[in-house]
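As a plain string of letters, each chain reads:
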Amino acid sequence: MRKPNGKHVLKQSKLYVLYEHSAGFALFRVAEFEELAAFLPQVEESVTDLQRFNSVVTLIAFQPFKSAVTALENINAISEGILPEDLNLFLEGGLPKRKKRSKCTLGVSDPKLGAAISEALEIPCSHTGAVPEVLRGIRHHFHSLIKGLTLKACSVAQLGLGHSYSRARVKFNVHRVDNMIIQSIALLDQLDKDVNTFSMRIREWYSYHFPELVTIVPENYLYSKCAEYIKDRKTLSDESIEPLTEILGDSEKAQAIVDASKMSMGMDISPVDLINIQMFAGRVVALSNYRKQIAEYLHTKMNSVAPNLTTLIGDQVGARLISKAGSLTSLAKYPASTLQILGAEKALFRALKTRSKTPKYGLLYHSTFIGRAGLKNKGRISRYLANKCSIASRIDCFSEKQTTVFGEKLRQQVEDRLKFYETGDIPMKNVDVMKQAIEEVTQQEEAQQESTKKKKKKKKEKKEVEVAMDED
């Protein structure tokens, strides 16, 4: 082969292309590989024309999948960058012998799969140059290149494999626990809004009949419970003080309600209106109780998924951070600077547009640490807290055994930093604190192992005694 300038070049390498379809694996030989790479625009044009493309690509081998289960197993392995056994055997039979493979190149769509194939079969793999265009042409004309395969059969196989692959992905989603947290915190925020709105409505509605109750019982939840119990204020008497005391937990307030009912300025309303008010008040009370249950559920979920983050900043702020990031893994990958302003994106972009000061905190503002810090130190403590939250989220995400030791140590560090801003007492270094935490974790693990060993010994002794008793 001679170039235009007269210089000789080495013999061109052979290109094979692997195509993974829902129907099976196919191996193609590409003619004039180096010429194709040189004239890439012409290759792009020939992709759509079947006659021109047939002169470029030749089918060497095709191995259909035996069943939908094997197809799913193979596609799962390929998506993870692992070489499946079926594909390994197929390529061993279709490619030239190992001695000649150094002069060949295998075109693949996924670089991870290419790395696995080159390691196992000792053949160089490529996913750049003319390979993507050749694969595009194979994808376009696949049903015409394989004998006995129709376009309808291809689409049915693709649809079936797509459904089963998606179902498996959803079933084994690593973020499925995070999803429960994201939905819980969203529901909690929605319930807070709804309970506040409904409480204001019940106050306005019942105040026509008993306006003095608002000043005596300002809390929304207790007001709704009182309205549900009282109904008509004229029915209140000295006997009503005890049940009202149980609701409010304060006998003085209960006595004040009874006294106010006797000389109230409210209007008289019909029994039908009172029934509706009572039903609505019952709904508000039930919604408030459900909100408490959701808060407890979120607390237990956060303690099991992100115990260190929960110990550091609380379950609700931690859940909001996970919700904003999308998952605990995404939050762990964020740098501390991004975590610091998470939730203040609008203010950040507005500041960048107007060239004004950027926000110091986002969702972290709801943490108690920033509220306790002085006005000058709010930005500093938010930056420090974001740093500790980033460490806590990474420990929770990537550690195999869950523990709250690191969260407690990080929380103490933030407390010490607040004292440092106020008094000037120099806190411990992060390296020393982490060493202490690791030592405590190892001690806890050793204690757990010893306790499990003791339990096993006791069980063995019990079994031996039972066996001896049976023999006697």
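Above: the structure in question.
The present account deals with the structure reproduced in this document. These numbers were taken from a predicted model, which means no experiment stands behind them.

Procedures and definitions
Residues numbered from 1 in each chain as written. Predicted model: local features only at pLDDT ≥ 70, side-chain atom pairs only at ≥ 80, totals over all residues. Heavy atoms only, no water. Helix = DSSP H or I, 4+ residues; strand = E, 2+ residues; numbered from the N terminus. Buried < 20%, exposed > 50% of the residue type's maximum accessible area, 1.4 Å probe, protein only. Contact = heavy atoms within 4.5 Å. Areas by Shrake-Rupley, 256 points an atom, 1.4 Å probe, with all protein chains shown as cover. Lys, Arg positive; Asp, Glu negative; His and termini not counted. Charge placed at Lys NZ, Arg CZ, Asp CG, Glu CD. Polar contact = N/O pair within 3.5 Å; in protein donor to acceptor, adjacent residues only side chain to side chain. Patch = residues over 30% accessible without salt bridge, like charges linked within 9 Å, V, L, I, M, F, W, Y side chains within 5 Å. Salt bridge = Lys/Arg side-chain N within 4 Å of Asp/Glu carboxyl O. Core = buried A, V, L, I, M, F, W, Y, C linked by side-chain atoms within 4.5 Å. Phe/Tyr/Trp six-rings, centres within 6.5 Å; stacked < 30°, edge-to-face > 60°. Lys NZ or Arg CZ within 6 Å of the ring centre and 35° of its normal. Disulfide = S-S within 2.5 Å. Axes fitted to C-alpha atoms, helices over the stretch in contact; angles between N-to-C directions. Parallel < 35°, antiparallel > 145°, perpendicular 65-115°, else oblique. Left-handed = near helix turned anticlockwise from the far one by under 90°. Nonpolar A, V, L, I, M, F, W, Y, C, P; charged D, E, K, R; others polar. Pairing = 2+ DSSP bridges. Right-handed = clockwise from strand over helix to strand, strands pointing away.

### Remarks on the overall build of the chain
Helix and strand counts for the chain stand at 23 helices and five strands. C-alpha extents for the chain along the principal axes are approximately 110 × 75 × 70 Å. Taking all 472 residues of the chain together, the buried fraction comes to 39%. When contacts within the chain are restricted to residue pairs at least 6 apart in sequence, long-range pairs at least 24 apart make up 63% of them. For the chain, the exposed area adds up to about 28400 Å²; of that, 54% sits on carbon and sulfur atoms. Across the chain, the centroid of the 69 positively charged side chains sits 10 Å from that of the 56 negatively charged ones.

### Some thoughts on the side chain of Ser164
Locating Ser164 in the fold gives a position in helix α8 (residues 151-171). Among the polar contacts listed, one links the side chain of Ser164 to the backbone oxygen of Leu161, at a separation of 3.0 Å.

### Some points on a nonpolar patch on the surface
Residues Trp205, Tyr208 and Met267 make up a contiguous nonpolar surface patch of roughly 340 Å² in combined accessible area. Note on Met267: relative accessible area 45%, which makes it partly exposed.

### Observations concerning the environment of Gly407
Summarising the element assignment, Gly407 is placed in helix α22 (residues 405-423). When the C-alpha positions of Gly407 and Lys324 are compared, they lie 21 Å apart, and in sequence the two are 83 residues distant.

### What about the environment of Asp49?
When you line up the elements, Asp49 lands in the loop between α2 (40-46) and α3 (50-56). Taking C-alpha positions, Asp49 is 83 Å from Val465, a pair spaced 416 residues apart along the chain.

### A word on the nonpolar core
The tendency in soluble globular proteins is for nonpolar side chains to be buried as a group. Of all hydrophobic cores here, the largest spans 46 residues; its most connected members are Leu331 and Leu385. Per-element tally for this core: the top contributor is helix α21 (residues 378-398), with eight residues. Ignoring anything within four residues of it in the chain, the contact list for Leu385 reads Leu312, Ile313, Leu364, Ser367, Phe369, Ile370 and Val414. If you look at the next biggest cluster of nonpolar residues, it comprises 25 residues, including Ile202, Val217, Cys226 and Ile241.

### What to know about the packing of aromatic side chains
With the rule as written, the count across this model stands at nine aromatic pairs. On the numbers, 5.8 Å between centres and 70° between planes, the contact of Phe198 with Phe280 is edge-to-face. Within this pair, whereas Phe198 is found in helix α9 (residues 176-207), its partner Phe280 is found in helix α14 (residues 271-305), the two being separated by 82 residues in sequence. Judged by relative accessible area, Phe198 falls into the partly exposed class, the value being 32%. Clustering of aromatic rings is evident, with ring pairs tying together Tyr19, Phe62 and Phe142. Here the guanidinium or amino end of Arg29 rests over the ring plane of Tyr16, the centre of that ring lying 5.8 Å away.

### Digging into the state of the cysteines
Between two cysteines, a covalent bond joining their sulfur atoms is known as a disulfide. Under the counting rule described, the total for this entry stands at zero disulfides. Take Cys397: it sits in no disulfide, and the sulfur closest to it among the cysteines is that of Cys389, at 15 Å.

### Details of the pattern of salt bridges
All told, the structure shown has nine salt bridges when counted by the stated rule. Here Glu133 makes a salt bridge to Arg136, at a shortest N to O gap of 2.9 Å. With Glu133 and Arg136 both in helix α7 (residues 131-145) and three residues apart, this pair spans about one turn of that helix. Here Lys324 ties to Glu345 by a salt bridge, and the two come within 3.8 Å at their closest N and O atoms. Taken together, the residues span a long stretch of sequence, with Lys324 in helix α16 (residues 315-325) and Glu345 in helix α19 (residues 345-354) at a distance of 21 residues.

### Re unusual backbone geometry
Look at Lys231: it is not a glycine, yet its phi comes out positive at around 60°. Mapped onto the elements of the fold, Lys231 is located in the loop between α11 (220-230) and α12 (241-248). In this structure, Arg355 is a non-glycine residue whose phi angle is positive, near 60°. Counting through the fold element by element, Arg355 comes out in the loop between α19 and α20 (368-372).

### Some points on the packing of α11 against α12
Relative orientation of the contacting elements α11 and α12 amounts to 155°, with a least axis distance of 10 Å. In terms of axis orientation, α11 runs roughly antiparallel to α12. Like other packed secondary-structure pairs, α11 and α12 cross with a definite hand, here right-handed. Touching Leu222, Lys225, Cys226, Tyr229 and Ile230 of α11 are Pro243, Leu244, Ile247 and Leu248, all from α12. A class-by-class count of the residues in the contact of α11 with α12 yields eight nonpolar, no polar and one charged.

### Some remarks on the side chain of Ser382
Mapped onto the fold, Ser382 is located in helix α21. In this structure the side chain of Ser382 is engaged in a polar contact, spanning 3.1 Å, whose partner is the backbone oxygen of Lys360. Separated by 2.7 Å, the side chain of Ser382 and the backbone oxygen of Gly379 make a polar contact.

### A look at the pairing of strand β4 (residues 104-107)
Going residue by residue along β4, you find Cys104 and Leu106 tucked away on one face and Thr105 and Gly107 tucked away on the opposite face as well. One ladder, built from four bridges, connects strand β1 (residues 14-20) with β4; its direction is parallel. Of the residues in β4, the one forming a bridge with Lys14 is Cys104. The pairing of β4 with strand β5 (residues 125-126) spans two bridges and is parallel. Each residue of the ladder has a partner; that of Gly107, found in β5, is Ser126. For the segment spanning β4, helix α6 (residues 111-121) and β5, crossover handedness is right-handed.

Nothing here speaks to function; it is all geometry.
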